[in-house]
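Fold and geometry: a report
Here's the letter readout for the chains.
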Amino acid sequence: MNSAPSLEAQLRELVLAITATSRALLPLSGDQLLQTIVQAAASIFGAAAASIALVDESAGEMVFRVAYGQGSDSVVGMRIPLDQGIAGYVANTGQPIAVSNVQTDPRFARDTAERTGYVPRSILAMPLVAEDRVIGVMEVLDKLSAPSFGMQDMELLGLFARQAALAIHQSQHLDALNEILVQNIRALVTPETAVDLERVLGEKDAAKHDDVLEIARVFQSIAGLGERERKACLKIMQVFEEYGTTHLSAYE
Amino acid sequence: MSDLRPAWSNQFSADVLRELRAFGPLGAITRDWAWGGGTGKGVCVAVIDSGVEATHPWLGSAVKGGVIVEYDGRRKESVRIIDEPQPRDLFGHGTACAGIIHKLAPAADIYSIRVLGKDLSGRALQFAGGLRWAIENDMHVLNLSLSTSRQEYYGLFHELADQAYFKNVLLVSAVNNIPAPSYPSLYSSVVSVAAHAGQDPYTFYYNSEPPVEFGAPGIDVEVAWANGGSMFTTGNSFAAPHIAGLAALIRGKHPELTPFQIKTVLYACANNVIGAD
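Residues numbered from 1 in each chain as written. Chains lettered and ligands numbered in written order. Predicted model: local features only at pLDDT ≥ 70, side-chain atom pairs only at ≥ 80, totals over all residues.

At the junction of the two partners, chain A supplies 37 residues and chain B supplies 38 residues. Contributing elements (two or more residues each) for the side of chain A that touches chain B: α4 (85-93), β4 (97-100), α5 (106-116) and α6 (151-189) of chain A. Looking at the side of chain A that touches chain B, the element that brings in the most residues is α6(A), giving seven residues. For β4(A) and strand β12 (residues 230-234) of chain B, the ladder comprises three bridges, and the chain directions are antiparallel. The partner of A:A98 across the bridge, within β12(B), is B:T234. (Contact = placed C-beta atoms within 7 Å. Helix = DSSP H or I, 4+ residues; strand = E, 2+ residues; numbered from the N terminus. Pairing = 2+ DSSP bridges.)

Residue and element names in this part refer to chain B. Where helix α3 (residues 123-136) meets helix α4 (residues 154-166), the axes come as close as 10 Å, and the angle between the chain directions of the two elements is 15°. With respect to their mutual orientation, α3 and α4 come out roughly parallel. Crossing hand, α3 versus α4: left-handed. In contact with A128, L131, R132 and I135 of α3, α4 contributes L156, F157, L160, Q163 and A164. (Axes fitted to C-alpha atoms, helices over the stretch in contact; angles between N-to-C directions. Parallel < 35°, antiparallel > 145°, perpendicular 65-115°, else oblique. Left-handed = near helix turned anticlockwise from the far one by under 90°.)

Buried together is how nonpolar side chains tend to be arranged in soluble globular proteins. With 146 residues, the main nonpolar core has A:A164, B:V45, B:I101, B:V172, B:V193, B:I243 and B:A247 as its most contacted residues. Non-local contacts of B:V172, meaning those with residues more than four positions away in its chain, are made with B:V141, B:L142, B:N143, B:L144, B:V191, B:V193, B:A240, B:I243, B:A244 and B:A247. (Core = buried A, V, L, I, M, F, W, Y, C linked by C-beta atoms within 7 Å. Buried ≥ 20, exposed ≤ 12 C-beta atoms within 10 Å, placed from the backbone.)

All names here are of chain B. At a minimum axis separation of 11 Å, helix α5 (residues 240-253) and helix α6 (residues 259-269) run at an interaxial angle of 110°. The orientation of α5 relative to α6 falls into the category roughly perpendicular. In this structure, α5 meets α6 at a crossing whose hand is right-handed. For the pair formed by α5 and α6, the contact residues are I243, L246, A247, I250 and R251 on the first element and I262, V265 and L266 on the second. Grouping the constituent residues of the contact of α5 with α6 by class yields seven nonpolar, no polar and one charged. (Nonpolar A, V, L, I, M, F, W, Y, C, P; charged D, E, K, R; others polar.)

Nothing here speaks to function; it is geometry throughout.
This is the structure:
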């Protein structure tokens, strides 16, 4: 019982620290990876700028998450409605589109481009699809060597978009995992559960939480290897889960 | 750099395109027979998309009405149909498709079926609801420059594609630009279309390695857009309405033809098929 208050205090501190800094328990490299992807896309297409916006379904909007090149400072964090503009169309249909002479679309120029202070001439917009759902849109703006983007550019950007979608999807999974971990820790330190603290913080449970963290770390490193590995990992977890519910519960 | 680029859309480039033959009596089908002198009069073409800007100067008075299909998870049928006598367009994309159809078939009546909006979660069901409305409301040709890749809707869209065929409604669908399944463009009764680099609206090809069957202009084409505007754009989305426009011409001149028969006429008249003029 002596060690319990100090552990409780530690957990409280941890929760406070997480809340204060909004920092995740698990390492999040998602944004850095996305930044690298947009930067690579911009240079490979010889484009003046590139960006990734993610869908926020509950708000009916898209939020620009990363950007590179002209206008990038003002675009990150900007929100646009899902029923407007070229990115909105791509998110709605899951169809990529290339546009030149963008300024002739008055709605585009007024609502989006003017807010960033940068009005492009040509745009190539590609959906980011994960598990059959559009989770965002990747755009490259103004091909420097030509007046517009062609079909092959579109297909090549499709390959970049696949990587980006995978990275975002994984980081969203990690976010969810973080949330569960934080909730668990928070539950441990709330007054209602404090009476049970001895039991909750018993050897077995502490080990269980260590295990969860360890599983998360292993899962993250395997998932980082690629889509097939991630799927294999998921399958293994599902088999264990099934086995656990049908066989193990009888012994508890 | 260019050698690194993928080219799934290459099936219609000059070095890959195969010359085909229209055998037997099919060889006698000419463009003049198929649509010569036709205007699309009496044909109802529905554009299932982001809406259609009825007042756009490029559309004249072709737009005769439309509906908005909204997602409503509380209803058994999951969607709500709202009448829209004077259709509008959220993005400009549906107007672009309608403009191409109107250019090819100037006397065809165009109907807007708006299935896009803020709610992405119900999009496939809105799309299906729009398709069902068009089939039940006696449209003749449907332009679908959109698709779903969600496997769970494979059956639903297949059923609708079959219903359309049995009601003599022709579905013309753009294929996806990314190598992933897209419905309903993969079903055999649907005319599936990808873009080729040409600009002549009457130049189209047959692909001997389906599921993508036809290639029509869709690269750097000038299209109508929202607020009376226009722009140059690229996408398979703009190839489909070229074929939908031609199908409207054929249907107008030969109302008795079924979807598979119209597809056969299109095959016989394709630019890479010998026997056509």
